[in-house]
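# Residue-level structure breakdown
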Amino acid sequence: EAGVVQSPRYKIIEKKQPVAFWCNPISGHNTLYWYRQNLGQGPELLIRYENEEAVDDSQLPKDRFSAERLKGVDSTLKIQPAELGDSAVYLCASSLGLAGFDEQFFGPGTRLTVL
Amino acid sequence: AQSVTQLGSHVSVSEGALVLLRCNYSSSVPPYLFWYVQYPNQGLQLLLKYTSAATLVKGINGFEAEFKKSETSFHLTKPSAHMSDAAEYFCAVSETSGTYKYIFGTGTRLKVLA
């Protein structure tokens with residue numbers, strides 16, 4: 001079974017430029033998560049989708065971040081414009097259901113460096 | 001609000017020695033608790049989880065954790081460390097209702113000495 005796929009794995013951009021990350025979850029997983037992981041920290045949830053619906057985006061900086069999951073499968077996270085403080089690893093995860101005890105399966109992440 | 005605290009950002013043990021990684025949580029009701037491991041340049045992988053069944057939970061790779069409500073703890077242990085255990089370990093807590101949001105600790109980097 002293929003795991004969670006993310007691309008690109010690494011991205012270097014200059015501040016004020018736009019950037020987009022793509023995630024393809026495990027087939028059949030209804031719930032998709034985007035996390036940001038700063039150096040030396042644990043992942044922090046940005047947004048959670050149940051199928052196509054964003055059920056929790058309370059931690060997403062909506063002035064510059066946007067996300068979509070149009071067909072309830074793959075998802076894109078965008079930052080426009082990027083700031084120096086956005087440098088981090090962006091992790092995508094998926095789970096079969098929404099229950100708190102469901103295991104989340106993580107992709108390898110996209111390491112973003114903003115210069 | 002829920003929170004999770006991992007004591008010790010770095011832990012070093014000798015190969016063959018006991019591994020003990022500490023996790024304490026704060027929650028108004030007993031939550032779900034998890035331990036994840038992250039190897040370099042990889043995503044997180046579930047080691048084990050507590051979902052209100054047995055308080056001693058066995059996971060993959062010989063790890064286990066014990067839920068202690070009186071101490072609000074969920075420490076991770078392994079009797080004998082192996083070089084391949086070197087990684088970052090994250091404790092996480094999830095609500096058992098409502099938003100089911102995961103809250104991750106700041107992580108503990110385990111170093112195994114030959």
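Treat the numbers as computed from the prediction; the structure is a model and nothing was measured. (Residues numbered from 1 in each chain as written. Chains lettered and ligands numbered in written order. Predicted model: local features only at pLDDT ≥ 70, side-chain atom pairs only at ≥ 80, totals over all residues. Heavy atoms only, no water.)

Counting residues at the interface gives 25 residues for chain A, matched by 21 residues for chain B. Counting each side, the surface lost to burial between chain A and chain B is near 1700 Å², with a carbon and sulfur contribution of 52%. The tally of links between chain A and chain B comes to zero salt bridges. On inspection of chain A and its partner chain B, the count reaches four residue pairs in polar contact (both at pLDDT 80 or more). Those elements that place two or more of their residues in the side of chain A that touches chain B are strand S4 (31-37) and strand S5 (44-50) of chain A. Of the residues belonging to the side of chain A that touches chain B, the class tally is 10 nonpolar, nine polar and six charged. (Contact = heavy atoms within 4.5 Å. Buried area = accessible area lost by both parts, 1.4 Å probe. Salt bridge = Lys/Arg side-chain N within 4 Å of Asp/Glu carboxyl O. Polar contact = N/O pair within 3.5 Å; in protein donor to acceptor, adjacent residues only side chain to side chain. Helix = DSSP H or I, 4+ residues; strand = E, 2+ residues; numbered from the N terminus. Nonpolar A, V, L, I, M, F, W, Y, C, P; charged D, E, K, R; others polar.)

A separate point is the sheet that holds strand S3 (residues 19-24) of chain A. Residue and element names in this part refer to chain A. Reading across the sheet, the four strands line up as S1-S3-S8-S7 and stay open at both edges, with antiparallel pairing between neighbours. Because the sheet does not close on itself, it has two edges, and the strands there are strand S1 (5-7) and strand S7 (65-68). Adjacent strand axes in the sheet meet at a mean angle of 15°, parallel and antiparallel pairs treated alike. Bridging between S1 and S3 involves three bridges; their strand directions are antiparallel. Bridged to Gln6 within S3 is Cys23. (Pairing = 2+ DSSP bridges. Axes fitted to C-alpha atoms, helices over the stretch in contact; angles between N-to-C directions.)

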